[in-house]
Amino acid sequence: MLTRRTLAGALAALALIAPAAAEDWKAKYPELTLGAIPVENASGTADRYAPLTEYLSKALGVPVKLRVANDYAAVIEGQRAGNIQIAFYGPASFARAVMTGVKVEPVVNQKHNNGASGYYSVIYVRADSPYKTVEDLKGKNLALVDPNSTSGNQAPRFFLQKAGHEVDKHFGKTVYAGSHENAVLALVQGTADAAANLWNSETDTVVTRMATKGMLKKPDGTQMGQSDFRVVFKSEFLPEGPFAVLASLPDDLKAKIREAFIALPKADKAAFDRLSDGKDLDLTPVTLKDYQPIIEMLKFNDDQRRKS
């Protein structure tokens with residue numbers, strides 16, 4: 001017979017078991033890895049993400065280690081192999097992961113200082129160059145970023161094609177610089193006439209961030225800023241890339257990671273601000289549906305490449 005005493009005893013036993021059961025994932029995942037695509041050079045990326053990994057380590061209760069990938073594909077393959085449990089993607093690299101069978105779930109993306117959880121792809125030229133339009137760049141050299149970069153490859157190809165300019169035919173030469181910073185440096189150093197890059201807002205671009213770090217200088221040593229570059233092409237709006245987790249992680253761990261990211265802007269404002277040099281306002285929850293337009297963009301680009 002179930003008495004009040006036996007019921008109370010059973011509930012007490014469950015209370016002792018539940019916390020232990022909820023933390024069972026720690027036995028399988030005594031350490032987690034956060035992978036990040038190389039928007040900047042390796043040291044810059046490590047500096048930017050170090051406070052976040054410290055925050056996540058405290059919030060999740062296990063060490064979270066940072067892995068700065070050599071290229072975008074390394075993050076995709078690291079998640080495919082299960083070696084990277086949490087990752088920061090660009091929208092196109094996330095879409096490519098999904099399209100190639102990586103079981104991954106988006107968690108949040110960043111809301112910029114203009115209130116938008118997204119950005120644009122632009123084509124830069126030097127402001128002191130004679131180039132005013134994309135047409136002026138016919139036969140010139142273009143620095144792209146990475147095959148799986150959204151703003152640095154996939155979006156320029158897609159939107160320039162829509163505007164009547166097939167990248168590989170319009171430009172005399174295209175090169176992959178490896179990172180957004182390297183693409184800008186190719187333009188500064190004169191090895192490229194134009195460079196594809198990301199543009200969050202008037203006051204938040206890769207150029208503004210590089211200028212803050214003192215990375216942009218003219219041959220005479222003069223510091224360069226955003227006004228030293230001209231935008232000759234701007235894409236349609238693109239959703240910001242997500243922080244994402246492996247779908248195979250235990251549900252309670254995924255929930256804890258999600259909660260940690262949503263809480264980040266207020267729980268550790270310094271770590272959150274470091275991700276964007278203080279330019280972002282918040283983090284926005286996202287789902288796979290938010291990236292369906294990017295998946296369609298990649299399918300279009302893939303189809304165009306097969307036809308060429």
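Treat the numbers as computed from the prediction; the structure is a model and nothing was measured.

## Section: the nonpolar core
One finds L52 and F261 to be the most contacted residues of the largest nonpolar core, which totals 90 residues. With 6 residues, the top contributor of residues to this core is helix 8 (residues 180–189). Inspection of this core shows a minimum of three residues originating in each of domain 1 (28–115 + 240–291) and domain 2 (118–239). Residues within four places of L52 in sequence aside, it is in contact with L34, F243, F261, L264, A271 and L275.

## Examining the domain arrangement of the protein chain
Along its sequence, the protein chain is carved into domain 1 (28–115 + 240–291) and domain 2 (118–239). The straight-line distance from the C-alpha centre of domain 1 to that of domain 2 is 25 Å. Counting from both sides, the interface comprises 28 residues of domain 1 and, opposite them, 23 residues of domain 2. With both sides pooled, the region where domain 1 packs onto domain 2 buries about 1,800 Å², and carbon together with sulfur makes up 46% of that total.

## A closer look at the packing of helix 3 (residues 42–60) against helix 10 (residues 251–267)
Look at helix 3 against helix 10: their axes get within 10 Å of each other, and the N-to-C directions meet at 125 degrees. Relative to helix 10, helix 3 is oriented oblique. Crossing geometry of helix 3 relative to helix 10 is assigned as right-handed. Residues L52, Y55, L56, A59 and L60 of helix 3 form the contact with helix 10, whose participating residues are K256, I257, A260, F261, A263, L264 and A267.

## A short note on the packing of helix 5 (residues 91–99) against helix 12 (residues 292–307)
Helix 12 packs onto helix 5 with a crossing angle of 80 degrees between their chain directions and a minimal axis gap of 9 Å. Relative to helix 12, the element helix 5 lies roughly perpendicular. Counted together, P91, A92, A95, R96, V98 and M99 of helix 5 and I294, I295, L298, K299 and D302 of helix 12 form the full contact between these two elements. When grouped by side-chain class, the residues that make up the contact of helix 5 with helix 12 number 8 nonpolar, no polar and 3 charged.

## What to know about unusual backbone geometry
For D277, which is not glycine, the phi torsion reads 55 degrees and is therefore positive. Structurally, D277 can be placed in the loop between helix 11 (269–274) and strand 13 (280–285). Judged by its relative accessible area of 32%, D277 is partly exposed.

## Digging into the environment of S248
Structurally, S248 can be placed in the loop between strand 12 (242–246) and helix 10. Sequence separation between S248 and G82 is 166 residues; the distance between their C-alpha atoms is 8.8 Å.

## Thoughts on the sheet that holds strand 3 (residues 86–88)
By way of backbone hydrogen bonds, the strands of a sheet pair with one another, either parallel or antiparallel. Overall, mixed pairing links the 6 strands, which are arranged 2-1-3-12-4-13 in an open sheet. Looking at which strands have only one partner, the edges of the open sheet turn out to be strand 2 (64–68) and strand 13. Taken over all neighbouring pairs, the strand axes of this sheet differ in orientation by 20 degrees on average, direction set aside. Bridge analysis of strand 1 (residues 32–36) against strand 2 gives 5 bridges, and the strand direction is parallel. When the bridges of strand 2 are listed, A36 appears paired with V68. Packed on one face of the sheet, helix 3 meets strand 1, strand 2, strand 3 and strand 12 and runs near 160 degrees to strand 2. Sheet contacts for helix 10: strand 1, strand 3, strand 4 (104–112), strand 12 and strand 13; angle to strand 4, the most-contacted strand, approximately 5 degrees.

## A look at helix 10
Here helix 10 is 17 residues long and its end C-alpha atoms lie 22 Å apart, about the 24 Å a rise of 1.5 Å per residue gives. F261 marks where helix 10 bends most, by close to 30 degrees; the proline P265 follows one to four residues later. By the burial criterion, the buried members of helix 10 are L253, K254, I257, A260, F261, L264 and P265.

## Examining the packing of aromatic side chains
Throughout the structure, instances matching the rule amount to 10 aromatic pairs. Here the aromatic rings of Y89 and F94 are separated by 5.7 Å at their centres, their planes lie at 70 degrees, and the arrangement is edge-to-face. A network of ring pairs unites the aromatic residues Y49, F88, F243 and F261 as a single cluster. Taking the ring centre of Y120 as reference, the NZ or CZ of K234 above it sits at 4.4 Å. When the ring centre of W199 is taken as reference, the NZ or CZ atom of K234 above it lies at 3.9 Å.

## A few points about the pattern of salt bridges
Using the criterion set out here, one finds 19 salt bridges in the structure. K213 serves as the salt-bridge partner of E181, at 2.7 Å between the closest nitrogen and oxygen. Highlighted residues: E181 in helix 8 and K213 in the loop between helix 9 (206–212) and strand 10 (229–234), separated in sequence by 32 residues. Relative accessible area serves as the criterion here: at 37%, K213 is assigned to the partly exposed category. In this structure, E296 and K299 form a salt bridge, with 3.8 Å as the shortest nitrogen-oxygen distance.

Thresholds applied
- Residues numbered from 1 in each chain as written.
- Predicted model: local features only at pLDDT ≥ 70, side-chain atom pairs only at ≥ 80, totals over all residues.
- Heavy atoms only, no water.
- Core = buried A, V, L, I, M, F, W, Y, C linked by side-chain atoms within 4.5 Å.
- Buried < 20%, exposed > 50% of the residue type's maximum accessible area, 1.4 Å probe, protein only.
- Helix = DSSP H or I, 4+ residues; strand = E, 2+ residues; numbered from the N terminus.
- Domains from an automatic or database assignment.
- Contact = heavy atoms within 4.5 Å.
- Buried area = accessible area lost by both parts, 1.4 Å probe.
- Axes fitted to C-alpha atoms, helices over the stretch in contact; angles between N-to-C directions.
- Parallel < 35°, antiparallel > 145°, perpendicular 65-115°, else oblique.
- Left-handed = near helix turned anticlockwise from the far one by under 90°.
- Nonpolar A, V, L, I, M, F, W, Y, C, P; charged D, E, K, R; others polar.
- Pairing = 2+ DSSP bridges.
- Expected span 1.5 Å × (residues − 1).
- Bend = angle between axes of the 7 residues up to and from the residue.
- Phe/Tyr/Trp six-rings, centres within 6.5 Å; stacked < 30°, edge-to-face > 60°.
- Lys NZ or Arg CZ within 6 Å of the ring centre and 35° of its normal.
- Salt bridge = Lys/Arg side-chain N within 4 Å of Asp/Glu carboxyl O.

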